[in-house]
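As a plain string of letters, each chain reads:
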Amino acid sequence: MEQKENRIGEHIPPTETDSQTERADRLLEFFILNKNLIITVTIAVTLVAAALVYLRQQRQSAEETANRLVSHAAASAQIGNWQQAIDGDGSLKGFREIIREYGSTPSGNFAKILIGDSFFALQQIDSALASYRSYSGKNPDLAASAKAGEAACLLRKNELSAAAPAFEKASETATNQALKALYLADAADAYSSLGELDKAVTLYKQVIRKYPGFTAAAKAEQSLLSLAGKTGNVDF
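Caption draft 1: Focus on the overall build of the chain. The helix and strand tally for the chain stands at 11 helices and 2 strands. Within the chain, the fraction of its 236 residues that count as buried is 33%. In the chain, once contacts between residues fewer than 6 apart in sequence are set aside, the share between residues at least 24 apart is 46%. On the chain, roughly 14500 Å² of surface is accessible, and the fraction owed to carbon and sulfur atoms is 55%.

Caption draft 2: Layout of the environment of Ala 146. Take Ala 146: it is sitting in helix H7 (residues 140–156). Between the C-alpha atom of Ala 146 and that of Arg 133, which follows or precedes it by 13 residues, the distance is 6.9 Å. When near neighbours in sequence (up to four residues on either side) are disregarded, Ala 146 contacts Ile 113, Tyr 132 and Tyr 135.

Caption draft 3: A look at helix H6 (residues 125–133). Listed in full, the buried residues belonging to H6 are Ile 125, Ala 128, Leu 129, Ser 131 and Tyr 132. Buried residues in H6, looked at end-on, bunch into an arc of 165°, giving them a common side. For H6, the secondary structure elements touched by its buried residues are helix H5 (106–121) and H7.

Caption draft 4: Here's a closer look at helix H9 (residues 177–194). Here H9 is 18 residues long and its end C-alpha atoms lie 26 Å apart, about the 26 Å a rise of 1.5 Å per residue gives. Buried residues of H9: Lys 180, Ala 181, Tyr 183, Leu 184, Ala 185, Asp 186, Ala 187, Ala 188, Ala 190 and Tyr 191, and no others. Sitting at the amino-terminal end of H9 is Asn 176, which places a side-chain oxygen 2.9 Å from the backbone nitrogen of Ala 178. One or two steps after H9, the chain reaches Gly 195, where phi turns positive at roughly 90°.

Caption draft 5: Focus on the nonpolar core. In this structure, Leu 203, Tyr 204 and Val 207 are the most contacted members of the largest nonpolar core, which totals 28 residues. Put simply, the parts of the chain that give this core at least two residues each are H7, helix H8 (160–173), H9, helix H10 (197–210) and helix H11 (215–231). For this core, the leading source of residues is H9, giving 8 residues. If we ignore the near neighbours within four places in the chain, the residues touching Tyr 204 are Ala 185, Ala 188, Asp 189, Ser 192, Ala 220, Ser 223, Leu 224 and Leu 227. Judged by nonpolar contacts, the second largest core, of 26 residues, contains Ala 77, Ile 98, Ile 115 and Leu 154.

Caption draft 6: Summary view of the packing of H9 against H10. At their nearest, the axes of H9 and H10 sit 8 Å apart, and the two run at 160° to each other. Considering the angle they form, H9 stands roughly antiparallel to H10. Between H9 and H10 the crossing geometry is left-handed. Residues Ala 181, Leu 184, Ala 185, Ala 187, Ala 188, Asp 189, Tyr 191 and Ser 192 of H9 form the contact with H10, whose own contacting residues are Leu 197, Lys 199, Ala 200, Leu 203, Tyr 204, Gln 206 and Val 207. Class assignment for the residues of the contact of H9 with H10 results in 11 nonpolar, 2 polar and 2 charged.

Caption draft 7: Just the environment of Ala 66, in detail. With respect to the element layout, Ala 66 can be found in helix H2 (residues 18–78). On the basis of relative accessibility, which here comes to 0%, the residue Ala 66 falls in the buried class. Sequence separation between Ala 66 and Tyr 102 is 36 residues; the distance between their C-alpha atoms is 6.2 Å. Aside from chain neighbours lying at most four places away, what touches Ala 66 is Tyr 102, Thr 105, Ser 107 and Gly 108.

Conventions and cut-offs
Residues numbered from 1 in each chain as written. Predicted model: local features only at pLDDT ≥ 70, side-chain atom pairs only at ≥ 80, totals over all residues. Heavy atoms only, no water. Helix = DSSP H or I, 4+ residues; strand = E, 2+ residues; numbered from the N terminus. Buried < 20%, exposed > 50% of the residue type's maximum accessible area, 1.4 Å probe, protein only. Contact = heavy atoms within 4.5 Å. Areas by Shrake-Rupley, 256 points an atom, 1.4 Å probe, with all protein chains shown as cover. Arc of directions from axis to C-beta. Expected span 1.5 Å × (residues − 1). Polar contact = N/O pair within 3.5 Å; in protein donor to acceptor, adjacent residues only side chain to side chain. Core = buried A, V, L, I, M, F, W, Y, C linked by side-chain atoms within 4.5 Å. Axes fitted to C-alpha atoms, helices over the stretch in contact; angles between N-to-C directions. Parallel < 35°, antiparallel > 145°, perpendicular 65-115°, else oblique. Left-handed = near helix turned anticlockwise from the far one by under 90°. Nonpolar A, V, L, I, M, F, W, Y, C, P; charged D, E, K, R; others polar.

Purely geometric numbers; function is a separate question.
Here it is, written out as structure tokens:
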């Protein structure tokens, strides 16, 4: 009989230990005591996530608006209405206002280059230089364009020693092969004007060797030929 009772006892499910019960009680007690904090943290996390989604949507909306406004102002600049493109009018927001309101967007950043081009066309070189230098976008070809604009302004101010390396930097920054060739040829021109003919010849040859078939390469060949009388170097 005693043996039978033992076998029956073997089939009784194991009961929860005191240690497990205590842990469950402590967790329940913690939740009860800190439920307001837990609820607050949950709400805060939810609000942060919602805010991030909202900000992302706002940035996208701002970029779309900036892109549309820049396109309209750029159309005005393309037909030579430089001042209107800069300041706008009753029916058009100019680059200046677009930059003020949307300068942190990609299109607003692009407007900094376009307003620089407009100032340059109006012979307002210092304003153009400041505009080009204010570009802070991540697009390498636009960054190269801004640097080349800066170099052109320095060239116009007869600061050749600063213009030449700025053109070189523009060439290094660009990813478009035609732009790399163009800016490198411009750098060679600037060094030639400085009287640094060996440097100019070296860069002209780089343009010809690295970028054959581009307009800048043909220009570099002509420039080398024109310097041949001074350098005696016509080896392409």
